[in-house]
Structure formats: structure tokens, C-alpha cells
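# Secondary and tertiary structure notes
Spelled out, the chains give:
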Amino acid sequence: MAAKFLPRFWRSGSQAELLDFQNNNVVAEGKLDFEHGTLKGKSEDLANHSLLNKLLRRTLVDSPHNVEVLQRDPTSPLFSVKSFEELHLKNELLRGIYAMGFNRPSKIQENALPMMLADPPQNLIAQSQSGTGKTAAFVLAMLSRVDANKKYPQCICLSPTFELALQTGKVVEEMGKFCAGIEVIYALRGNRPGKGSRLEAQIVIGTPGTVLDWCFKLRLITVENISVFVLDEADVMINVQGHSDHSVRVKRSMPKSCQMLLFSATFEDSVWAFAERIVPDPNIIKLKKEELTLKNIQQFYDQCENKEQKYSALCNLYGVITIAQAIVFCQTRKIASWLSQKLSDDGHQVALLSGELPVYDRADMIQRFREGREKVLVTTNVCARGIDVEQVSIVVNFDLPVNVDGSVDFETYLHRIGRTGRFGKKGIAVSLIENFFVYMLKEIEDHFNTKITKLNSMDMDEMGKIWK
Ligand SMILES: Nc1ncnc2c1ncn2[C@@H]1O[C@H](COP(=O)(O)OP(=O)(O)OP(=O)(O)O)[C@@H](O)[C@H]1O
């Protein structure tokens, strides 16, 4: 079955790559799916962050918080499982899960899986941060519900972009590798089976516009046969123009008996309103995000005359920060590339993580950093948001984060710095401030009720103290 299980895709001649997941060879190319919607600004950032997280994630994120469960029928008993065996899965599926190295369900899976696999099927809205096991959970639900003997689409999974759809497909491929006769097909731009052709794959993964076309324009999918409808990355989805409407139209065409599952990493009101349009009578599962804190972080600042003096200060710091690993934050791409170039020209080894880099190159860069092959990463907010590089011990603010009106962006300050002191580890943050902006430090101290200590980067003895 493994060979038959390769993704089917018709080459479109654009840029991204579709891999043959068994052999890791490029079997096709494509591009981020802009199709009927447009991906720009915030939505592109969100989709890229999500993709980056997926590309980089090797293990589960362990949340310290408890799962909150709201049952559609509060009187029915609440089941949770501590092992995959308790779910009475097909043997070949269990083999697939163990082959992936999963020993036991993640926190969210403990509650979500019994609901998702219940008979009669139950609808679910689940929210938890990236990396907590949502994808694995709904892939398992799809694989356990399909009938391998029936050669037509039975599950639909909507993803916001071409790339994210491929990532989900990769999990289906891996988890289902022992499931004989189950196939997945990608409803993505560029992949166009002829009108009237018969689809044999049971699982369809695609972007909303193309799935809609396959259901109604091309009549490749008989909607009455769909028993599981998954909408993944709802928070990214609603930010792509056109995707919400297309998703709602696909959903409306599903039979009443179809199980509806919706997942999101965040849950603002807009995501919630959208979720309610997609999923009737839902059970709801939420897992709080790990909260960032400045508790374990020593904060310093050095006051400088201008950009050049900030640069000298950073050079003086270089020896100290490369004892560990550091991220240097700049306010704009332009400053980030100027800085990394200047540091390299002066013989310092640094890597530039720029928003101009394609996502796969960014992932490579972050991976190199994680492996310790790069010691200093120069970047901007946009690029680094949402990426956790746990071993970072030092954050340097080459520029303090500010909002468009010039006021301090406290949230970004916390996000930049909060990452250094995670899991109880000690972190160090150094902000380089031009004279005119020193007042901002006081605002930060007041806002977080914290202390930022003055440092003189010209005094090497003093610099050594930051590690004490
Ligand atoms: N029960 C489990 N045991 C061990 N590892 C798991 C388990 N479930 C998922 N994983 C792994 O943890 C990582 C995150 O899981 P998954 O991708 O399902 O999370 P997610 O919440 O969907 O995150 P994202 O939205 O970023 O994809 C993946 O590498 C996945 O293989």
C-alpha cells in the first residue's frame, strides 16, 4: 500500500515543492496558494508562521495548563484516555502511531480523541497552541473513519494554503502508512483531474476554493458521501480573503450526518464567530497558552548616542553573547540587513533571518541556529514571532519595539524577551537605547513592574558581570 499512498499531484510549474514523502524526493512544484483569495500582509505572516512552526516542530509542546472541556451534552459522562489502546483503533493505525514515536496521547488528545471517535460521531471545536497535537488528532480521526474498501472521497480537510495542506497530507501519509488501500488526494491549484474523472482516494486535503470547485464545478466529489469534514487553522483561514465564504459553502453542502471538526491555535471573537458558522452543536476543547513571564530574566540597557555607537556596543557585547546563543532584534528589515552585513564585514559570524527569505530557507536557518551551527541570529519582529528557539539565552534589542505611533510595544517586548527565560532557565536581555528614547525604559519598568539595570558596554569587566 505504501507506494500507492504517494500524494497525487499534477505539476503546475510554479515554485514550491511537493515531496515524495517516502523518499524525500521532489516530485512536483507549486506555490503558496493564493487562488480565489489573496494572501497578503497579516494573513501571509500568519500562514508563514504556521508553516514554519510545522516545519520546525519535532516534538510536542508541553503545556502546563489544564484542558477546558465544554460538552454539548453536559449530562453525558466525560471520557478521557491515557493510552492509544483504550481507543480501540484498527491495528494498522495503531502501528502507524507507534511508528511515529507516539507513546501516549497528548494533553489535548486525551480529551479530543474519545469525542472525535465516538459513535454516533460528535462535532468538535478545539483550540490549543501550535504543537500540542491537533493535527495528529484529526488525522487519526479521519484514518479511523474511512472505509478502505470504498473507493471514493469520504473525508475532506480544508487548509488555508497550499503548503499547509501538504504538511497535513504528510501526517496522513505517515500515520496511515500501514493502512492498506487508503489514499489521499490534494485539491490544490494546479492539480486538476479531468472533468468527470473518478476519484478513488478516500481523503481529500485542499484549500477551500479548489475543494469547492471539485465538489460543484468539476463534480469530482459526491458531497453526500462525506462523513468527516475538518477545517484546520481556522485563525489563519479567516484572514485569507474568500476562504471563509468558500469554507462555509463547502460545509453547507455536507450531509447532516457528517462530523464537523474545527481547529485553531488562537480564539479571538472573529474566529469564534466563524467556528460557530461551521460547526453546529459542538463540543469545545480549549487549552490555555503557556504564559510568558519576565521572572527569570535579567534585563540590562546601554545608553548610546546614535546607531553607530549602538553598533560598537553590540560588537563589545559579541564576545559575551556568543558564550551562549543570541537573537538580535531590529525594528526594520533594512536595519537588520545593514547590521548583519556590517557584523560579517567586521569578522563576526552572524546569520540574518529575513522576511524576504522563502519560508523553507527560513526554516533551514532556524534549524541551523537550533543545532548551534549559528550563534547569533539577526532578525526583525515579524520574522521571529511565534518561533520558539528554546536555547536562546540572550536577546539583544538593537531597537526597542515600537508601535506605529511611536509608543512602546509592550507585547512584542515580552514576546522577544520572554522566550529567553523559558522552562525556568535564566535569560538575559540587553536593550541598546539612543539617548532620546531612554524614557521608554521607565515605561517598560512601570508596565511590567520590573527592573532594567544600566550597563556600560565599553567596560569589559562590567560586561563579564552579566553572566553572574
Ligand atoms: N501523542 C503524541 N506523542 C508524541 N508526539 C506527538 C503526539 N501527537 C503529536 N505529536 C508530535 O508533536 C508535534 C506537534 O503535533 P501536531 O502537529 O499534531 O500539533 P498541532 O497542534 O497540530 O501543531 P501545528 O498547528 O503547529 O501543526 C508533531 O511533531 C507531532 O508528530
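Definitions and limits used
- Residues numbered from 1 in each chain as written.
- Predicted model: local features only at pLDDT ≥ 70, side-chain atom pairs only at ≥ 80, totals over all residues.
- Pairing = 2+ DSSP bridges.
- Helix = DSSP H or I, 4+ residues; strand = E, 2+ residues; numbered from the N terminus.
- Axes fitted to C-alpha atoms, helices over the stretch in contact; angles between N-to-C directions.
- Contact = placed C-beta atoms within 7 Å.
- Parallel < 35°, antiparallel > 145°, perpendicular 65-115°, else oblique.
- Left-handed = near helix turned anticlockwise from the far one by under 90°.
- UniProt positions renumbered as here; feature names shortened; annotations may be inferred.
- Near = placed C-beta within 6 Å.
- Nonpolar A, V, L, I, M, F, W, Y, C, P; charged D, E, K, R; others polar.
- Buried ≥ 20, exposed ≤ 12 C-beta atoms within 10 Å, placed from the backbone.
- Expected span 1.5 Å × (residues − 1).
- pLDDT = per-residue confidence, 0-100.
- Core = buried A, V, L, I, M, F, W, Y, C linked by C-beta atoms within 7 Å.

On the basis of which strands lie adjacent, the open sheet formed by seven strands has the order E13-E14-E12-E15-E16-E11-E17 and parallel pairing. The sheet is open, and its two edges are formed by strand E13 (351-353) and strand E17 (452-454), each paired on a single side. Within this sheet the neighbouring strands show an average axis-to-axis angle of 25 degrees, counted without direction. Pairing analysis gives three bridges linking strand E11 (residues 297-304) to E17, with the strands arranged parallel. Its bridge partner lying in E17, Tyr301 is registered against Lys454. Running at roughly 145 degrees to strand E15 (residues 394-397), helix H14 (residues 410-418) makes contact with E11, strand E12 (326-330), E15 and strand E16 (427-434) of the sheet.

Running from amino to carboxyl end, helix H3 (residues 107-116) crosses helix H4 (residues 134-145) at an angle of 20 degrees, the nearest separation of the two axes being 10 Å. In terms of orientation, H3 lies roughly parallel with respect to H4. Crossing of H3 against H4: the hand is right-handed. Here Ile108, Gln109, Ala112, Leu113 and Met116 of H3 lie close against H4, whose contacting residues are Lys134, Ala137, Leu140 and Ala141.

Taken in spatial order, the eight strands make up an open sheet running E3-E10-E4-E9-E8-E5-E7-E6, and their pairing is mixed. For this open sheet the edge positions go to strand E3 (67-70) and strand E6 (184-187), each flanked by a neighbour on one side alone. In this sheet, neighbouring strand axes are inclined to one another by 15 degrees on average, regardless of whether the strands run parallel or antiparallel. With four bridges joining them, E3 and strand E10 (residues 283-287) adopt antiparallel strand pairing. Opposite Leu70, over in E10, you have Ile284 as the bridge partner. Sitting on the sheet, H3 touches E3, strand E4 (124-127), strand E9 (259-264) and E10, and the angle it makes with E10 is about 170 degrees.

Here the focus is the UniProt feature "domain: DEAD-box RNA helicase Q" (unreviewed entry) in the protein chain. Those places that UniProt annotates as "domain: DEAD-box RNA helicase Q" (unreviewed entry) correspond, in this numbering, to residues 82-110. What you have in residues 82-110 is 45% helix and 0% strand, and the ends, taken at the C-alpha atoms, are 6 Å apart.

Our next topic: the site of the ligand. In the vicinity of the ligand there are 19 residues, among which Phe102, Ser130, Gly133, Lys134 and Thr135 approach most closely. Of all elements in the fold, only helix H1 (42-56) and H4 reach the threshold of two or more residues within the shell around the ligand. Tallying contributions element by element places H4 first for the shell around the ligand, with three residues. When grouped by side-chain class, the residues that make up the shell around the ligand number six nonpolar, nine polar and four charged.

Within the fold, Met100 resides in the loop between helix H2 (91-99) and H3. With residues up to four places along the chain from it excluded, the contact list for Met100 reads Glu174 and Met175.

For the rest of this paragraph, the subject is unusual backbone geometry. Note that the residue after Asp119, namely Pro120, is joined by a cis bond; omega there is 0 degrees. By secondary structure assignment, the location of Pro120 is in the loop between H3 and E4. Despite not being glycine, Asp281 has its phi angle at roughly 40 degrees, a positive value. Within the element layout of this structure, Asp281 appears in the loop between helix H9 (269-278) and E10. In this structure Asp281 comes out as exposed when scored by C-beta crowding, with 9 C-beta atoms within 10 Å. Non-glycine residue Asn449 carries a positive phi angle of around 50 degrees. Note that Asn449 resides in the loop between helix H15 (439-448) and E17.

Here we come to the packing of H4 against helix H5 (residues 162-175). Two elements in contact, H4 and H5, have axes whose closest approach is 10 Å; the angle formed by their N-to-C orientations is 55 degrees. Relative to H5, the element H4 lies oblique. In this structure, H4 meets H5 at a crossing whose hand is right-handed. Only Thr168, Val171, Val172 and Met175 of H5 make contact with H4, whose side of the interface consists of Thr135, Ala136, Val139, Leu140 and Leu143.

Once that is clear, we can look at the pairing of E10. Within E10, four of the five residues are buried, which leaves it mostly tucked inside the rest of the structure. Here four bridges tie E4 to E10, and the two strands are oriented parallel to one another. Bridge assignment links Gln127 to a residue of E10, and that residue is Lys286.

We now examine H5. Think of an α-helix as turning once every 3.6 residues; residues three or four places apart then point the same way. Compared with an ideal rise of 1.5 Å per residue, which puts 14 residues at 20 Å, H5 spans 20 Å between its outermost C-alpha atoms and is within 8% of the ideal. Where burial is concerned, most of H5 is hidden: ten out of the 14 residues are buried.

Our focus in this paragraph is the confidence of the model for the protein chain. Averaged over all residues, the pLDDT of the protein chain equals 83, while 84% of them reach at least 70. Here residues 1-39 scores under 50 on pLDDT; set against residues more than four positions off or in separate chains, the count is 89 contacts. The complex prediction reports pTM at 0.77, with the ipTM value standing at 0.98.

Turning next to the nonpolar core. One finds Met142, Val204, Leu261 and Leu262 to be the most contacted residues of the largest nonpolar core, which totals 75 residues. Per-element accounting of this core gives the leading share, eight residues, to H4. Leave out the neighbours within four places in its chain, and Met142 touches Cys155, Cys157, Ile203, Val228 and Val230. In terms of nonpolar packing, the next biggest core, distinct from the first, is built from 41 residues, Met365, Leu377, Ile417 and Ile433 among them.

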